[in-house]
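Chains, contacts and geometry: an overview
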Amino acid sequence: MPTESSAFSADEGNLLAATQATIREALFRLGYSADMYELLKEPLRFLTVRIPVRMDDGGIRVFTGYRAQHNDAVGPTKGGVRFHPSVTADEVKALSIWMSLKCGIAELPYGGGKGGIVCDPRRMSAGELERLSRGYVRAISQIVGPTKDIPAPDVMTNAQIMAWMMDEYSRIREFDAPNFITGKPLVLGGSHGREWATARGVTIALELALAKKGIPLEESRVVIQGFGNAGSYLAKFLHDRGARVIGISDVYGALYDPGGLDVDDLLERRDSFGTVTKQFRNTITNAELLEKDCDILIPAAIENQITRENAPRIRAKVLVEAANGPTTAEATRILTERGVMIVPDVLASAGGVIVSYFEWVQNNQGYYWTEKEVEDRLRERMIRSFERVYEIHQERKVDMRLAAYMAGVRRMAEAARYRGWV
């Protein structure tokens, strides 16, 4: 069925501009005014902070950090904190908007938030990372909290960093506050399933997409770009389901074997940052891996990996985005016209924020669920979310990305309208 695409005139690769263009189109198709777009095109709040940290050599280094709160019409904002050398203000703003869309699609009582610090944790000691994490919380403590803005892990952050942040916030507020942050260790109020939540959600979305296309998961050839938290769990889940994982990659390169990789061996070899390819000689580049013939392609690394340049050479039947923004608007148009089903990031990777919501609920109640309860509830929400987006895709004859934006933005726009903001 031919569909209209969410490709606009925004510069390819400009995450914020592309996100704004798609939101504008989604709101227009839903019948909202230009005033609503003016409200939702940027975060309501954006904070830039400077964090002095004493390094192990005794010197002081000042890091730049950000926190974006996109829109709190529905409820408190929610979103991760990433530690990465390429973090920018516009990236954090775009990510906070995507979080709003994810929460809207999954019908969570949140708006979107996002944070980031410009740093390279691979070159920092544990002590330096702890001091940086605590300094960031001190810098943003006035605008975050269990009923204001709830952080979580993201790129190159983990349960230990969340624990340091929670402890610092609890010291500042002088009361124990496990509901301030999610993605914590279980012993500090974390939830079962949080580590694999994003990957499990992607797997569920993939199963539903394959069912729509009539493609069996068993023996499907899968390429996964990225072998961090999401990518490694995805490889394990899909391998255990009988799929053939023929390619994986990390920041240093990619491994490819059309006969299938030994996933369990790779999981044993990977380090805490998800790197494994340095241990092998016969590697290829990330760019080469994306263009390998496969049934399922899962970008699970960073943004802007599939563009107008390489989209014509992508040979997958189904593209499921586990990373944020891996496919540009122009690439979305090209692939959609070729009949590739794209399950966009704001839908496919919503499992992380869904289980973060479950963790927050458990913290607020003081009652904790079993792993099976978490997984069952996650599956229920992912199925409902996918079917809602797919229904819009079919009825409105738009691509899956625009359909997801329409599903995600409607809840936020309605909340703002009822509040009298627009």
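Residues numbered from 1 in each chain as written. Predicted model: local features only at pLDDT ≥ 70, side-chain atom pairs only at ≥ 80, totals over all residues. Heavy atoms only, no water.

Some words on the domain arrangement of the protein chain
Taken domain by domain, the protein chain comprises domain 1 (15–176) and domain 2 (196–339). A straight line from the C-alpha centre of domain 1 to that of domain 2 covers 26 Å. Taken together, the contacts link 9 residues of domain 1 with 6 residues of domain 2. When the two sides are added together, the surface that domain 1 and domain 2 hide from each other amounts to roughly 720 Å², 59% of it contributed by carbon and sulfur. Three residues stand out in domain 1 for area buried against domain 2, namely Leu15, Trp98 and Arg122, and they jointly supply 52% of the buried area on that side. (Domains from an automatic or database assignment. Contact = heavy atoms within 4.5 Å. Buried area = accessible area lost by both parts, 1.4 Å probe.)

Digging into helix α13 (residues 371–396)
With 26 residues, α13 ought to run about 38 Å at 1.5 Å a step, and its terminal C-alpha atoms sit 37 Å apart, in line with that. In this fold, the buried residues of α13 make contact with α3 (89–105), α6 (197–213), β11 (341–343), α11 (345–348), α12 (351–365) and α14 (400–419). A positive backbone phi angle near 55° is found at Lys397, which sits one or two residues after α13. (Helix = DSSP H or I, 4+ residues; strand = E, 2+ residues; numbered from the N terminus. Expected span 1.5 Å × (residues − 1).)

Quick look at the UniProt feature "binding site: substrate" (unreviewed entry) in the protein chain
The UniProt record marks Lys78, Lys102 and Ser356 with the feature "binding site: substrate" (unreviewed entry), using the residue numbering of this structure. Despite a sequence span of 279 residues, these residues sit close together in the fold, their greatest C-alpha distance being 12.2 Å. Mapped onto the secondary structure, Lys78 falls in strand β3 (residues 77–84). Assignment of secondary structure puts Lys102 in helix α3. What makes Lys102 buried here is its relative accessible area of 5%. Other than its neighbours up to four places away in sequence, Lys102 contacts Asn324, Asp345, Val346, Ser349, Ala350 and Val353. (UniProt positions renumbered as here; feature names shortened; annotations may be inferred. Buried < 20%, exposed > 50% of the residue type's maximum accessible area, 1.4 Å probe, protein only.)

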